[in-house]
Each structure stands twice: as structure tokens, then as C-alpha cells.
Amino acid sequence: MEKIGRLNGIIAALEEGRKPTMAFVRAEREEATQFGMSKLEGVLFEMEHTPYSASELRDALQYLMNRRRMIEDGSLRPPVTPFVRIPANGAEMNTWMAKQVLDQGVYGVVFPHIATAEQARNAVAACRYARPADAPNYEPKGLRGDAPNAASRYWGLTVPEYYARADVWPLVPEGEIMVVLMIESVEAMENLSEILAVPGVGAIMIGEGDLSQQLGFPRQYEHPVVAEAKATILAAAKAAGVRVAHPHVTAANAAEVIEQGFDILFTTPSRSYATMEKAKSLM
């Protein structure tokens, strides 16, 4: 086993100049098992629009872990890095959901409906432990409660080693936790420059669905009004040096998404019935 290196595969890909691919998945054993064998860099366990269950997430994390692949890679880095999208919207100023999923061992938290800088700071703070006021990178002040044992075990680290890495990237370069904020409202666009200036934001994701709803063109992602809004958000993030995730990358738009400069690509794996269709065509 090599010396412990970068553990978060999404951060590793970004640092290496690559565009990591991820997928939304349910926190279920069967899906976790299948995606643990995939070539994706990461998965996002969807708990905003599916039931929030800490016990199901715990099981899914274990079934996602493919130890054979880790041995072959010679690294503690999981072949497929787990993130979670929590249910609480930014306006709720929730911290306990981020605490619970981090305590189970996830490497990234996606916060939906972030619309103000105050909400963004709360999201980052929820993912950080408390520290002395004179410590480097003190702000945003950490709000995460201390219970590292399960997470450190899942990461394959001692508790002191976990503490050294359990902070937000890129604010803390050696940090392994990524905070992703969903920008999906007109209010968020109006406050975007202040949101992007919050220390510790790892990336934003454009919430095309909700944004298009508010703009009056539900799920019409290519409508000129929606397209212009997405381009405005992307340009602002690029100017601020913040990474941007695209939630709906397909075979049809992949080239365009990459050319536009999105950094993290969420794909939608599909089940194939090609063999069945071939067999039926021969009957």
C-alpha cells in the first residue's frame, strides 16, 4: 500500500486537470454495489428528493466500497467517491444533516437552494470542526460536532489522521471534504458574487430544474432565457475561480458541456435491453 495520498477522487481529478464524472444514485445496497464497479469518479447519493435515512446511507456506503479495486489500485482512495445531497434547503440554515452524513464517511455534501452568502457560509461552517480563533483559515467558523470514529474508520485513517484531513477544500489544500452549493433561483443569481466569495466553497451546481421553473420555462433547459441564465452563472463562477458542476450531461450535450467549461459532469447511466431487443428481432 502506497503512502496515504489524496483520498477524495473528485478533488484528485480536479487537481490533475481532469473533469470528473459522477451520477445521482439512490442510497440502496443494490445500486451502491453496481456503481461501486463503475468507471465513475464519484456518486451523489440523492437524499433531497428521496427519503433521508442515515441507516440506509450507512449500508450504501459499505456496499459502494469495492475493496478488491482498492487493493489493485494500492490506495486508500475509494475507486468511486461518495457524496450526498441533503434534503434541507439553504433557507433552513440546517447543520445537523451535513454533520450526520459526514460522520458516516462521505467526502462531499451538496446543499440545495443556496440563495444568499449567509446560507453559503452556514453550509461551509456545517462541514468544519471548531478550532481556536487564531487558527489559520478560521472563517467560516466551524459548527460540526465532534464524532469522528465512524468516518475515520471508513476513510481508513486514525482519528488524528482524519482530523488533519477533515476540512474543506480548497480553503484548506489538504482538506478532503468538498462543499457544493446548488444555485437554482433568481435570488441566488442576484447574490451570486457574494456567494462565490465565501471561503470554502468547493463548487457550485446549476439547478436547471428549479431555476427553469422560476424563469417560467419548466425543464426547457435549452430555452434562450434559461440558457442565458445558466451562461451567466457559469461565467460568474469562472471569474471567481469556483468550479461548476453540470447536473444533466447526456450523449447529446456532452461535447457542448465540456466546451462551455463545466468542471464536474453528472451523467445518467441507463439500463440496456440491447440483447433482449436483438433476440426479439430474430423471432
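Only a predicted model underlies this, so the values are computations on that prediction, with no experimental measurement involved.

S.K.: Teacher, can you tell me more about the overall build of the chain here?
M.R.: A count of helices and strands for the chain gives 14 helices and nine strands. Against the compact-globule benchmark of 19 Å for 283 residues, the chain has a radius of gyration of 19 Å, which places it among compact chains. Oriented by its inertia axes, the alpha-carbon framework of the chain measures out at about 70 × 45 × 35 Å. Taken across its 283 residues, the chain has 51% of its residues classed as buried. If you take every contact in the chain between residues at least 6 apart in sequence, the share linking residues at least 24 apart comes to 63%. Both charge centroids of the chain, one from 28 positive and one from 35 negative side chains, sit 7 Å from each other.

S.K.: Honestly, the pairing of strand β1 (residues 21–25) in this entry has me stumped. Any pointers?
M.R.: Regular strands place their side chains on alternate faces of the sheet. Here three bridges tie β1 to strand β9 (residues 264–267), and the two strands are oriented parallel to one another. Directly across from Ala-23, in β9, lies its bridge partner Thr-267. Tracing the backbone out of β1, into helix α2 (residues 29–35) and back to the parallel element strand β2 (residues 42–46) gives a crossover that is right-handed.

S.K.: Quick question: what am I supposed to make of the environment of Pro-20 here?
M.R.: With respect to the element layout, Pro-20 can be found in the loop between α1 (9–15) and β1. Its relative accessible area of 0% is what places Pro-20 among the buried residues. Separated by 113 residues in the primary sequence, Pro-20 and Ala-133 place their C-alpha atoms 35 Å from one another. Discounting chain neighbours no more than four positions away, the residues touching Pro-20 are Ile-10, Ala-13, Leu-14, Glu-41, Asp-263, Ile-264 and Leu-265.

What counts as what
As a convention, each chain's residues are numbered from 1 in the sequence order in which they are written. Residues qualify for local features only when their pLDDT is at least 70, as the model is predicted, and side-chain atom pairs are given and counted only at 80 or more; totals for whole chains, interfaces and linings, by contrast, use all residues. With hydrogens and water excluded, all non-hydrogen atoms of the structure serve as input to the side-chain values. A run of H or I in DSSP becomes a helix once it reaches four residues, and a run of E becomes a strand once it reaches two; helices and strands are each numbered from the N terminus. A radius of gyration in this sense is built from C-alpha atoms; the matching globule rule multiplies 2.2 Å by the number of residues raised to 0.38. For every residue, the accessible area obtained with a 1.4 Å probe (protein chains only) is divided by the maximum for its type, and the residue is called buried under 20%, exposed over 50%, and partly exposed between those limits. Note on contacts: a residue pair is in contact if any heavy atoms of the two residues lie within 4.5 Å. His is not counted, nor are the chain ends; Lys and Arg add positive charge and Asp and Glu add negative charge. For this purpose, a charge sits on NZ of Lys, CZ of Arg, CG of Asp or CD of Glu. By definition, two strands form a pair when at least two bridges between them are found by DSSP. Seen with its strands pointing away from the viewer, a crossover is right-handed when the path leading from the first strand over the helix to the second is clockwise.

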